[in-house]
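# Structural description and commentary
In case you want the letters, here they are:
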Protein chains: 2
Amino acid sequence: MSDREISENSPVEQSEVFSLAVDGMGGDGAPDVVVAGLAIAADRHPGMRVLLTGDEACLRPLLAKYPKAEAICTIWHTDAAIPMDMKPTAALRVRQSSMRLGMDAVASGRAKGVVSAGNSGAMLALAKIVVKTMPGISRPAMAAISPTVKGDVVMLDLGANVACDWRNLVEFAVMGEAFAKAVLGLPAPRIGLLNIGSEELKGDEKLRVASEALRESPLAAQFHGFIEGHDITAGTTDVVVTDGFTGNVALKTGEGALKMASSLLRQVFNRGIISKIGYLLVKPGLERMKEWLDPRRYNGAVFVGLNGVVVKSHGGTDAEGFAAAVDVAMDMVTHGFNDSIRERLTHMGALLSRQQAALEREPETTAS
Amino acid sequence: MSDREISENSPVEQSEVFSLAVDGMGGDGAPDVVVAGLAIAADRHPGMRVLLTGDEACLRPLLAKYPKAEAICTIWHTDAAIPMDMKPTAALRVRQSSMRLGMDAVASGRAKGVVSAGNSGAMLALAKIVVKTMPGISRPAMAAISPTVKGDVVMLDLGANVACDWRNLVEFAVMGEAFAKAVLGLPAPRIGLLNIGSEELKGDEKLRVASEALRESPLAAQFHGFIEGHDITAGTTDVVVTDGFTGNVALKTGEGALKMASSLLRQVFNRGIISKIGYLLVKPGLERMKEWLDPRRYNGAVFVGLNGVVVKSHGGTDAEGFAAAVDVAMDMVTHGFNDSIRERLTHMGALLSRQQAALEREPETTAS
């Protein structure tokens, strides 16, 4: 690719299909963290080819600093970028933003997925409009993996939809299951529906109907039923399905609790000379525990239910964290995440329609 | 009190007002844990007098084993008790259950509060029907305290109401503030409204209206605004207000995360002889941390918004935990928790009605 092509803002070579488009300008530490992250990820994904969108004048010298990233990246230049605090409606009007170009690349089939550490709201809005919702899915959701005592758990929705109906929840279960297969490599992930414990309240209508639908679906054998908040980190199931409000609060509450534990532990180890010696003796084990719980290892929330792989890195992550988000995107691209959802949906469409029809008939039945 | 009075199931001496009625038969470890817990609490609350409801034949020999409990307890005999797994509707039909007698004692003014480790759903249903909702409050809620890095935080609702409107949330704020004053002893507790971070979604209608109402209320100076899941353990505010579904999930998710941290830590300290020596060196600090996070210290969820103090102990707690629930009840009784809510409500009634009227007018305004 010649420099001339780039500065004319051409869509690069028409023939090449990239593994991923990467938003070079999204995130608190962009573009530095993005390029450094790509250099780390390059080692783990031989053959990965990246279409890097953003300001060439910034990106070019950075790529020169990271030869491993330079070797896999092609720049697609644009001056525009979406600020972290811009409203989604305003972001949609920025025509040639680095984030938008990444989405365009997926929509046109020039890249199989896109990764950005930019503005979440803007990203979801752009993904819905540019990459578009997958046929058969009512609403895309946000999914991510978290640590448990046993292994990792996929949780969704994490904030894309505040209010959900039973059908959304069933679709989340389908997408979460495909996610757990693609990214965690589980052959038959177990699915739980997040609920609360009080007997009186277990009958929340949408949860009850979603649970019934799942029990009659091809996912029945993998459906564990209702779970509670403490089951998330207990690893009771591999997938936790909930609405976007509850999921977002649960994710952040869990992270907060671990942060508190770590802050209290620091106080324990800093109590005096004897505690400090104790710390040195247990340090190797603590380091392994820290790695296990490292938020960077879990970086990379995925917008699922779109016609392409769209991965959101935490805006404040470092290069290691950004590389983890790239890992997630590559896992999804490589393991045919969307094909797996499509296949499942063809087997479930009839069931969902039946359930919907039954619910619509219900008031009449009661009245007669 | 003579044995004859008890066996005739009389309402004991008519003149005596008890600090608390205690359900002797509620909870997994009842009646043993209840009586042992009262013995612990007796030391901390000189002058406390308890009306202990339940099967005299079980309770009498237990009290003989715990003279400190025996010295403060009067038995109100009944054969009936509500099983832990009974549906609330069925529990309401059990006329003379030990839980019911405790509620009756509060309703008739014979006890200032009631504590039970029994069936939560039954307790909430009985409390609403027997103790009754406080005038000015739409719906009672469940509140409890949790640890943060800085101190303790009051969170509500924890499961009494799955769906809430803006007015419920404002009332929760009023009750949570009174709770933080009575139980945490804070002069001006700061209040946060739990929300999620995504810009796009911050506008959830009921949260927006509740936030506006609080900003115009006498609580304005103490209202911090919206907070997110991680703010709970960060101690950003002293009171966290949310609906019962989200609150229940957040509480249990946070507890689950701490349990995971503790389980991983155990693995770290058991890695080998050197780690075990390290453990011994940091043990005193760890013990203090453990005490800080001890779930028993936070036992005692309170049903707020009733005409009396109703405290729910965890069903599976031990004597120490049950004593903590008694502490909470005594704090609320002693510090005039309900008076504080009543006073606040008289200053807020007009504001709430205005807000309600404005919301009802809104569609017309838009239409014109």
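Above: the structure in question.
Notes on the structure follow. (Residues numbered from 1 in each chain as written. Chains lettered and ligands numbered in written order. Predicted model: local features only at pLDDT ≥ 70, side-chain atom pairs only at ≥ 80, totals over all residues. Heavy atoms only, no water.)

This part is about the overall build of chain A. Within chain A, the regular secondary structure consists of 14 helices and 11 strands. Since a compact globule built from 368 residues should have a radius of gyration of about 21 Å, the 22 Å found for chain A is in line with a globular shape. C-alpha extents for chain A along the principal axes are approximately 75 × 65 × 35 Å. Counting every position in chain A, which comprises 368 residues, the buried fraction comes to 58%. Considering only contacts within chain A whose residues lie at least 6 apart along the sequence, 73% involve residues at least 24 apart. Accessible surface for chain A amounts to roughly 14,700 Å². Of this, 54% is attributable to carbon and sulfur atoms. Mean positive and mean negative side-chain charge positions of chain A (38 and 43 charges, respectively) differ by 3 Å. (Helix = DSSP H or I, 4+ residues; strand = E, 2+ residues; numbered from the N terminus. Rg over C-alpha atoms; globule rule 2.2 N^0.38 Å. Buried < 20%, exposed > 50% of the residue type's maximum accessible area, 1.4 Å probe, protein only. Contact = heavy atoms within 4.5 Å. Areas by Shrake-Rupley, 256 points an atom, 1.4 Å probe, with all protein chains shown as cover. Lys, Arg positive; Asp, Glu negative; His and termini not counted. Charge placed at Lys NZ, Arg CZ, Asp CG, Glu CD.)

Let us look at the side chain of B:T233. Relative to the helices and strands, B:T233 resides in helix α10 (residues 229-234). Separated by 3.0 Å, the side chain of B:T233 and the backbone oxygen of A:G256 make a polar contact. Each residue touching B:T233, except ones within four places of it in the same chain, is listed here: A:G256, A:A257, A:M260, B:P147, B:T148 and B:V149. (Polar contact = N/O pair within 3.5 Å; in protein donor to acceptor, adjacent residues only side chain to side chain.)

So, about the sheet that holds strand β7 (residues 191-194) of chain B. All names here are of chain B. Overall, mixed pairing links the 11 strands, which are arranged β3-β2-β1-β4-β11-β10-β5-β6-β9-β7-β8 in an open sheet. A single partner strand is all that each edge strand has here, and the edge strands are β3 (73-77) and β8 (223-227). Neighbour to neighbour, the strand axes of the sheet diverge by 25° on average, direction disregarded. Across 4 bridges, the pairing between β7 and β8 is parallel. Counterpart to I191 in the pairing with β8 is F223. (Pairing = 2+ DSSP bridges. Axes fitted to C-alpha atoms, helices over the stretch in contact; angles between N-to-C directions.)

What follows deals with the nonpolar core. Of all hydrophobic cores here, the largest spans 112 residues; its most connected members are A:L52, A:M103, A:F179, A:V304 and A:M332. Each of domain 1 (1-132 + 306-335) and domain 2 (138-298 + 337-368) of chain A contributes no fewer than three residues to this core. Setting aside chain neighbours within four positions, we find A:M332 in contact with A:F179, A:V183, A:V302, A:V304, A:V309, A:V311 and A:F337. Within the second largest apolar cluster, 111 residues are counted, among which are B:L126, B:A160, B:F223 and B:L345. (Core = buried A, V, L, I, M, F, W, Y, C linked by side-chain atoms within 4.5 Å. Domains from an automatic or database assignment.)

You can overlay chain B on chain A at an RMSD of 0.0 Å; the transform is a turn of 180° with a shift of 0.0 Å along its axis. The transformation relating the two chain copies, once decomposed into turn and shift, fits a two-fold axis. Considering only C-alpha atoms, the part of chain B nearest the rotation axis is B:G278, at 1.9 Å. Comparing contact sets, 100% of the residues at the interface of chain B also lie at the interface in chain A, consistent with an isologous, same-surface contact. (Least-squares fit on C-alpha atoms with pLDDT ≥ 70 in both.)

Next up on the list: the pattern of salt bridges. Residues and elements named next belong to chain A. Summed over the entire model, instances satisfying the criterion amount to 30 salt bridges over all chains. When the shortest N-O distance is used, the salt bridge between E320 and R44 registers 3.7 Å. Here R44 lies in helix α2 (residues 32-44) and E320 lies in helix α13 (residues 319-334), a separation of 276 residues in the sequence. On the basis of relative accessibility, which here comes to 35%, the residue E320 falls in the partly exposed class. (Salt bridge = Lys/Arg side-chain N within 4 Å of Asp/Glu carboxyl O.)

Here the focus is the sheet that holds strand β6 (residues 152-156) of chain A. Residue and element names in this part refer to chain A. Across the sheet, which stays open at both edges, the 11 strands sit in the order β3-β2-β1-β4-β11-β10-β5-β6-β9-β7-β8 with mixed pairing between neighbours. Two strands lie at the open edges of the sheet, namely β3 (73-77) and β8 (223-227), each paired on one side alone. Taken pair by pair, the neighbouring strands of this sheet meet at an average axis angle of 25°, ignoring direction. Here β6 pairs with strand β9 (residues 239-241) via 3 bridges, running parallel. Across the sheet, the residue bridging to V154 is V239, located in β9. Across the sheet, α2 is in contact with β1 (18-23), β2 (50-54) and β3; its angle to β2 comes to roughly 175°. In the packing of helix α3 (residues 56-65) onto the sheet, the strands contacted are β2 and β3, and the crossing angle to β3 comes to about 165°.

Taken by themselves, the reported measurements are silent on function.
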